[in-house]
Amino acid sequence: MRSVSTRIPSIFLALVTCNNNLLASRFSAYAFTPALARGRVHHHNHRTAFQTIRNFPLALPLLTTKVQSQFTTTLAAEKGDNINGEAPRIEKSSSSSRNSERKPSTGWNHNLPSKDSQFWTGKKENSSGAKSTDASESSTSSGEKKIKTGWLHSKKKASSTTKKSDTNDKTATGNKARMLLEEAMMDQKVNHRIISPPAFHAVGDGRRVVITEHKMSVPLDRYNPPADPKDKEPMVDVYFSIVELVTTPVQESFFKSLQVSSSGASNQVKQREAKKRAADYKAFAKLQSAEECVLYLQGGPGFGAPVPIHGIGLGEQSSWVGAALSKGYKRIVLMDQRGTGRSSTITKQTLQKRFPDLFLLDEHIDSVVKEEGIRTSTRPSIEEELDSFKDSHSDKVEKVKQALNQATEFMTHFRADNIVKDAEAIKDALLLTSDEGDTNEKNSPPRPWGLALGQSFGGFCMMSYLSLIPHPPLICLLTGGVAPMLTHIDDVYTALRDRVKERNMKYYERYPGDVDVVKRIVSCLEENPQVLPSGGILTARRFLQVGISLGGSPSSFASLHSLFSNAFVSDDDDDFTKAFLKEMDSTQPFDDHPIYFLLHESIYADIISGCKQTSWSAHRVYNQDKDFEFSSKLDKDEPVLLTGEVIFPWMSDGDYAELSGFGMRALAYSIAKKNDWGSLYNAENMRKALAVDGTGTSKAAAALYYDDMYVDFNYAMQLTKRGEPLENCKVWVSNEYQHSGLRDDGSSIFNKLIGMAKGEIGIPS
């Protein structure tokens, strides 16, 4: 039988283990090791621990059944309650003078110590081996042995100093216990895991990298948690990969140990393995700060981060990732923003599973539209279409309306304000808990990302980072991504429309023969739209959207020319080649990335810009310019203009299969009509974060491309003027690159921008 002093910590360690050996070891190291070294455990330690668990009832289900039973039994014994219908077990006294009395035994399990236990009072040997007698612990005059009660039942009065010390110890232990229990429950909620064994890659330059693939769960709505803590909070998964150099044998050995997995195991076993890999990774990395970590924010909205090796090179000169590793950064974190890539992806398919009622009327309404040949220009509104089915499908109409409201609210949680908080959650999941012992989050030292890089829409997210997060990344780099936060959305699209027109002219100047080729394609599609392999319809208006690539890489003009040149089987007929139709299907990204359609204009919806409702802004702006009326130019000596990076309401009318159907159409219109968007930017917070008077927390540098077709140069420069939110962001202006400069020459651009941010390169001069 265990003695009392060792019994208590063993039970408590079992309680806080929560099936997490790492947590148990950390807790024991903090709360019990010093006490055991002194040969005792304070009475308040176990009392505080159990009181803590009483205050956190949600932690009890995390314990094993056996430990739950021990916890319940102990509490009942302390209060004298029945245990499983029986009174606490009472041992008879061994004293002959008190045979008739029954006493509760000392100790947690109500069993007496063995006869030779040191817990019986009496003579003991001192260090010299002589017998000594402690008067306070001597046997009674009747010869009856009395058990040592020590700290548990001592009648000695503690001094005021001892009491004060004990109170402080109790508070500290209780706070630590509370913090660790909260951490255990948070780990359970976050569910960080490495979903597949790590992979090694040789990347040239005598370097080797290892890539780990992570997932974790984050709240869907970070601003409105459930009112009742008992209610289950909706969560979404966020995926991210980490690239790091392999430089030591210890490092290589560790990552190889993570490659062990159970082939053919059940999903439950795989989940446990994935969580263990993540816990082992965190313990091995021992990250106390994120100063040597780089976060990448992808462009979009609606696209996942580039896949290492496949989507982006990792050599020193081949990409910005290689350059960052050469600058001493140890980990590059490539995050798929929520709803994109492998982060609880938003597609028509996943929306149908989450909101099945939204699509109840798709078949009925779409069949009517098809039979009556209703065109986009004459199609009734969403409300009118629903009203037309009230008599025949009243129950379905109400369900569709309810689901539409739910789906619209759901989609509002996939903007930059939540994306940057997801990035913070990733950082926190990788870092070790602070050893300061301070449970107050406000008093904890800040541990921001060392550097973050935002490309295009990722730069917009970076501005949200500077606006909404108290401790944004130490260095913020923006490439082609300064959001026009002071400009109304209609003015933004007006400026971009003019830039698209200019890019069209440059294209036709380079390939003048394509003026007639494009007209021929448009004429054939107007007369005979083509069914694409995806199920969508290649109409003339959809074809013209290939202009989205006019402002891409330097090779974009040549790519478009090649596409147009291979459109027809021969010069003598108007049959399109299958290769052309396949390429058109894959070139336009909206089917596979519906956030790019559904939330594209919402990135400009913000209080500062005065945009409360987007209302199909680009569609309205383009309709005001007759230069983009392609049908009127087919018989004139003028080129047909391709459109740019814009969305139109007709895209959900069958042109794109994965955007179409009444449910998707209704959702797109509902989002366009939404007029209560939250704030994405805070000008004052941006100024404070980038202040150069010693109070700022971050440094920033941006690459602005003079001919950028996607982010207007003039509106971006407006934010960098003196007195504006980004006045302390160093700006490099270039017309050497188009919008995709980071992809085309990432290493050079990264080195230039980080040098500017650190003051090592004198730009601007």
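Above this text is the structure in question.
First, a word on scope: everything that follows refers to the structure included in this document.

Regarding the overall build of the chain
Per the secondary structure count, the chain includes 28 helices and 15 strands. Looking at the chain as a whole, 50% of its 765 residues are labelled buried. Contacts in the chain between residues far apart in sequence, at least 24 positions, make up 74% of those at least 6 positions apart. With the model as given, the accessible surface of the chain reaches about 37,000 Å², and the carbon-plus-sulfur share is 48%.

As for the side chain of glutamine 455
Tracing the chain through its elements places glutamine 455 in strand 10 (residues 449-455). Residues contacting glutamine 455, with those up to four places away along its chain left out, are Tyr296, Leu297, Gln298, Gly299, Thr479, His739 and Leu742.

Some remarks on the sheet that holds strand 7 (residues 235-245)
Consider a sheet: its strands pair through backbone hydrogen bonds, and that pairing is either parallel or antiparallel. Strand order in this open sheet of nine strands is 5-6-7-9-8-10-11-14-15, and the pairing throughout is mixed. Each end of this open sheet is capped by a strand with a single partner; those strands are strand 5 (193-204) and strand 15 (730-734). Geometrically, the sheet is characterised by an average inter-axis angle of 20° between neighbouring strands, direction not taken into account. Note that strand 8 (residues 290-297) and strand 9 (residues 331-336) share four bridges and pair parallel. Of the residues in strand 9, the one forming a bridge with leucine 295 is valine 333.

A closer look at the pairing of strand 11 (residues 475-479)
With five of its five residues buried, strand 11 lies for the most part within the structure. The alternating pattern of strand 11 places Ile475, Leu477 and Thr479 on one face and Cys476 and Leu478 on the opposite face, and all of these are buried. Across five bridges, the pairing between strand 10 and strand 11 is parallel. What sits directly across from leucine 453, in strand 11, is leucine 477. A crossover links strand 10 with its parallel partner strand 11, the connecting element being helix 16 (residues 457-468), and its sense is right-handed. Bridge analysis of strand 11 against strand 14 (residues 699-705) gives five bridges, and the strand direction is parallel.

Some words on the nonpolar core
Membership of the largest hydrophobic core comes to 153 residues, with the highest contact counts inside it found for Leu351, Met411, Met463, Phe543, Phe564, Phe580 and Leu598. What phenylalanine 580 contacts, discounting residues up to four positions off in sequence, is Ile521, Leu538, Phe543, Leu563, Asn566 and Ala567. Among the nonpolar cores identified, the runner-up in size contains 33 residues, and Val243, Val294, Ala701 and Leu753 belong to it.

Quick word on the packing of aromatic side chains
Under the definition given, this model contains 30 aromatic pairs. Ring plane angle 50° and centroid distance 6.3 Å describe the contact between phenylalanine 457 and phenylalanine 460, whose orientation is recorded as tilted. Within this pair, phenylalanine 457 and its partner phenylalanine 460 are both found in helix 16, separated by three residues, close to a single helical turn. In this structure phenylalanine 457 comes out as buried when scored by relative accessible area, which is 5%. In textbook terms, an aromatic cluster arises when at least three aromatic residues are bridged by ring pairs, as seen for Tyr507, Tyr508, Tyr511, Phe543, Phe557, Phe564, Phe568, Phe576 and Phe580. Over the ring of phenylalanine 414 we find arginine 338; its NZ or CZ atom is 5.8 Å from the centre of that ring. It is lysine 752 that lies over the ring of tryptophan 732; its NZ or CZ is 5.1 Å from the centre.

So, the pattern of salt bridges
This model, assessed by the stated rule, comprises 31 salt bridges. In this structure, the salt-bridge partner of arginine 665 is aspartate 653, at a minimum N-O distance of 3.2 Å. Of this pair, arginine 665 sits in helix 24 (residues 662-673) while aspartate 653 sits in the loop between helix 23 (617-623) and helix 24, and the two are twelve residues apart along the sequence. Of the residues examined, arginine 665 reaches a relative accessible area of 2% and is grouped as buried. Judged by relative accessible area, aspartate 653 falls into the partly exposed class, the value being 21%.

Concerning the packing of helix 8 (residues 249-257) against helix 9 (residues 267-285)
Their axes nearest at 11 Å, the elements helix 8 and helix 9 cross at an angle of 170°. In terms of orientation, helix 8 lies roughly antiparallel with respect to helix 9. Of the residues in helix 9, those touching helix 8 at Val250, Gln251, Phe254 and Phe255 are Asp280, Tyr281 and Phe284. Here the residues of the contact of helix 8 with helix 9 are counted per class, giving five nonpolar, one polar and one charged.

Looking at the state of the cysteines
What the rule picks out here adds up to zero disulfides. Of all cysteine sulfurs, the one in cysteine 729 lies closest to cysteine 476, which takes part in no disulfide; the gap is 8.7 Å. Exposure remark for cysteine 476: the relative accessible area of 0% places this residue in the buried category.

Thresholds, definitions, all that
- Residues numbered from 1 in each chain as written.
- Predicted model: local features only at pLDDT ≥ 70, side-chain atom pairs only at ≥ 80, totals over all residues.
- Heavy atoms only, no water.
- Helix = DSSP H or I, 4+ residues; strand = E, 2+ residues; numbered from the N terminus.
- Buried < 20%, exposed > 50% of the residue type's maximum accessible area, 1.4 Å probe, protein only.
- Contact = heavy atoms within 4.5 Å.
- Areas by Shrake-Rupley, 256 points an atom, 1.4 Å probe, with all protein chains shown as cover.
- Pairing = 2+ DSSP bridges.
- Axes fitted to C-alpha atoms, helices over the stretch in contact; angles between N-to-C directions.
- Right-handed = clockwise from strand over helix to strand, strands pointing away.
- Core = buried A, V, L, I, M, F, W, Y, C linked by side-chain atoms within 4.5 Å.
- Phe/Tyr/Trp six-rings, centres within 6.5 Å; stacked < 30°, edge-to-face > 60°.
- Lys NZ or Arg CZ within 6 Å of the ring centre and 35° of its normal.
- Salt bridge = Lys/Arg side-chain N within 4 Å of Asp/Glu carboxyl O.
- Parallel < 35°, antiparallel > 145°, perpendicular 65-115°, else oblique.
- Nonpolar A, V, L, I, M, F, W, Y, C, P; charged D, E, K, R; others polar.
- Disulfide = S-S within 2.5 Å.

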